[in-house]
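Reading the structure
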Amino acid sequence: LQGIFVLGLPYALLHSGYSGLLLIVLAAALCCYTGKILIACLYEEHEDGQLIRVRDTYEDIANACCKKLSPSLGGVVVNVTQVVELIMTCILYLVASGNLLSHSFPYVPVTEKTWSVIAFVTLLPCIFIRTLKIVSKLSQLCSLVHFVIIFVVITYCLTQMHQWSWAKFRLSLEFEDFLVSVGVIIFSYTSQIFLPTLEGNMKNPGEFRCMLNWTHFFACILKTTFALTAFLTWGEKTKEVITDNLPSFLETLVNLCLLTKALLSYPLPFFAATEIVYSCVSKDNHSNYRSPLLALTVRGSFLLLTLLMAMFTPHFALLMGLSGSVTGAAMTFLLPSLFHLKLKWEKLSFLEKCADISVFILGFLCSLAGIVCSIKGLLEVFG
């Protein structure tokens, strides 16, 4: 999903101007911070001052925060939120795959939805994915394809340096367009759903904070460079997905690379969503499949669900924006800061409390603005 958002960053700069460059840096810092405080909630300090990992998942953190109200309420809310966001992401990959195939082969008399079905057929082996190791290998290939796409676009833009001009940046901004830019920039960094599992599977979890710092730093540099070079190349002609600005021969190449990336990206959110549901249904260790038939049923049902929603949900992009404004902001800003305040209040300094409260307020405002814009778009479409 981040790859799709990254391709929209130049368009975000078109509507946010110089403030967009600042937002790219600020979003990296905020998402890095919320990732750290979320992982901090997995640990408690022992009597001797040593930190002990007492929780394993986002669900465990939520249950610990809500145990006085209800032992499992927090976990249910978090799990539902996670599954909705992950399934929406899977559907978006299918919709994007159909769109990319349709644009790559415009002379083939096949509808976009039919192309989505063809893409879906290639994803059927996901039913048999049982371990994170397979998913991680597919994600590595996905990252490689992502860098190829970025390299091709930046290389082309560098050949057009003679026409670059800083005068292309806008000084006056329209509020609604600016909010769209904020959403694209912030959600190009989100990864909080996967962080507890990632940290738990590291050989040396003590290096997690350092890893998070460096990955967000390099992501910020890469995204700033990509967005800036692309926007300086096309200026006011910058399109929502920057690959549409490329010459036809490069556009087809990049679209096929994007298709590959979308198909390779699908297994990660799919695996995460089915693991959550399976663990809730089986009430067992979700890395241990004692009932293969149940596991296959859960995975097969989810796979079919993503196809049906991709085929028959009208105005999916607007619905994605609405759900993303709720679930994305909640999982990235609202819940990490709220849980950190709840579990660590007595040990936090005044500045740390202010930071958490500020992140929570910012997340709430982003979510509210996204909801308003999405509902307005839906009303315009249906009205």
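Everything in this summary refers to the structure shown in the same document. Being a predicted model, the structure only gives us computed values, none of them experimental.

Some points on the overall build of the chain
For the chain, the helix and strand inventory stands at 15 helices and two strands. Referenced to the eigenvectors of the C-alpha coordinate spread, the extents of the chain come out at roughly 65 × 50 × 45 Å. Taken over 383 residues, the chain has a buried fraction of 48%. Long-range pairs, those at least 24 residues apart, make up 77% of the contacts in the chain with a sequence separation of at least 6. Counting every atom, the chain has about 19,200 Å² of accessible surface; 69% of that belongs to carbon and sulfur. Within the chain, the 24 negative side-chain charges are centred at a point lying 4 Å from the centre of the 25 positive side-chain charges.

As for the packing of helix α5 (residues 73-104) against helix α6 (residues 112-122)
The N-to-C vectors of α5 and α6 enclose an angle of 115°; their axes lie 7 Å apart at closest approach. The interaxial crossing formed by α5 with α6 has right-handed handedness. The segment α5 lies against α6, with Leu 94, Val 95, Ser 97, Gly 98, Asn 99, Leu 101 and Ser 102 engaging Glu 112, Trp 115, Ser 116, Ala 119 and Phe 120. Of the residues that constitute the contact of α5 with α6, the class distribution is six nonpolar, five polar and one charged.

As for the side chain of Ser 116
Tracing the backbone through its elements, the reader meets Ser 116 in helix α6. Judged by its relative accessible area of 4%, Ser 116 falls in the buried class. With residues up to four places along the chain from it excluded, the contact list for Ser 116 reads Leu 94, Val 95, Gly 98 and Met 311.

Brief notes about the packing of aromatic side chains
By convention here, two paired aromatic rings are described through the distance between centres and the angle between planes. Taken as a whole and judged by the stated rule, the model has seven aromatic pairs. Each ring, one from Trp 214 and one from Phe 217, has its centre 5.9 Å from the other, and the planes form 90°; the classification is edge-to-face. Residue Trp 214 and its partner Phe 217 are located together in helix α10 (residues 208-234), separated by three residues, close to a single helical turn. Looking at Phe 217, the relative accessible area reads 44%, which means it is partly exposed. Their ring planes at 25° and their centres at 5.6 Å tell us that Tyr 266 and Phe 270 sit as a pair that is stacked.

Things to note about the nonpolar core
Counting 51 residues, the largest nonpolar core has Ile 149, Phe 169, Ile 185, Tyr 189, Phe 226 and Ile 242 as its most contacted members. If sequence neighbours within four positions are ignored, Phe 169 has contacts with Leu 13, Gly 17, Tyr 18, Leu 21, Leu 228, Phe 231 and Leu 232. In this structure, Cys 32, Tyr 58, Phe 208 and Phe 270 belong to the second largest nonpolar core, which totals 49 residues.

Things to note about a nonpolar patch on the surface
Among the surface-exposed residues, Ile 357, Ile 361, Phe 364, Leu 365, Leu 368 and Val 372 lie close enough to one another that they form a single nonpolar patch of about 550 Å² accessible area. Take Leu 365: it is sitting in helix α15 (residues 350-382).

What about helix α7 (residues 132-158)?
When the terminal C-alpha atoms of α7 are compared, their 38 Å separation across 27 residues agrees well with the 39 Å that a helix rising 1.5 Å per residue should span. Taken as a whole, α7 has its buried residues at Val 135, Cys 142, Val 145, His 146, Ile 149, Ile 150, Val 152, Val 153, Ile 154 and Cys 157.

Digging into the pattern of salt bridges
Once their charged atoms are close, side chains differing in charge can pair, the charge on each being opposite to the other. Applying the stated criterion to the full structure yields three salt bridges. For Glu 199, the salt bridge is made with Arg 53, and the minimal N-O distance between the two is 2.9 Å. Taken together, the positions of Glu 199 in helix α9 (residues 195-200) and Arg 53 in strand β2 (residues 51-53) put the pair 146 residues apart, joining distant regions of the chain. Three or more residues joined by partner-sharing salt bridges are found here, namely Arg 53, Asp 56 and Glu 199.

Concerning the state of the cysteines
Per the stated rule, a full pass over the model turns up zero disulfides. As a non-bridged cysteine, Cys 257 has Cys 142 as the owner of its nearest cysteine sulfur, 11 Å distant. Classification of Cys 257 by relative accessible area gives buried; the value is 17%.

What counts and what doesn't
- Residues numbered from 1 in each chain as written.
- Predicted model: local features only at pLDDT ≥ 70, side-chain atom pairs only at ≥ 80, totals over all residues.
- Heavy atoms only, no water.
- Helix = DSSP H or I, 4+ residues; strand = E, 2+ residues; numbered from the N terminus.
- Buried < 20%, exposed > 50% of the residue type's maximum accessible area, 1.4 Å probe, protein only.
- Contact = heavy atoms within 4.5 Å.
- Areas by Shrake-Rupley, 256 points an atom, 1.4 Å probe, with all protein chains shown as cover.
- Lys, Arg positive; Asp, Glu negative; His and termini not counted.
- Charge placed at Lys NZ, Arg CZ, Asp CG, Glu CD.
- Axes fitted to C-alpha atoms, helices over the stretch in contact; angles between N-to-C directions.
- Left-handed = near helix turned anticlockwise from the far one by under 90°.
- Nonpolar A, V, L, I, M, F, W, Y, C, P; charged D, E, K, R; others polar.
- Phe/Tyr/Trp six-rings, centres within 6.5 Å; stacked < 30°, edge-to-face > 60°.
- Core = buried A, V, L, I, M, F, W, Y, C linked by side-chain atoms within 4.5 Å.
- Patch = residues over 30% accessible without salt bridge, like charges linked within 9 Å, V, L, I, M, F, W, Y side chains within 5 Å.
- Salt bridge = Lys/Arg side-chain N within 4 Å of Asp/Glu carboxyl O.
- Expected span 1.5 Å × (residues − 1).
- Disulfide = S-S within 2.5 Å.

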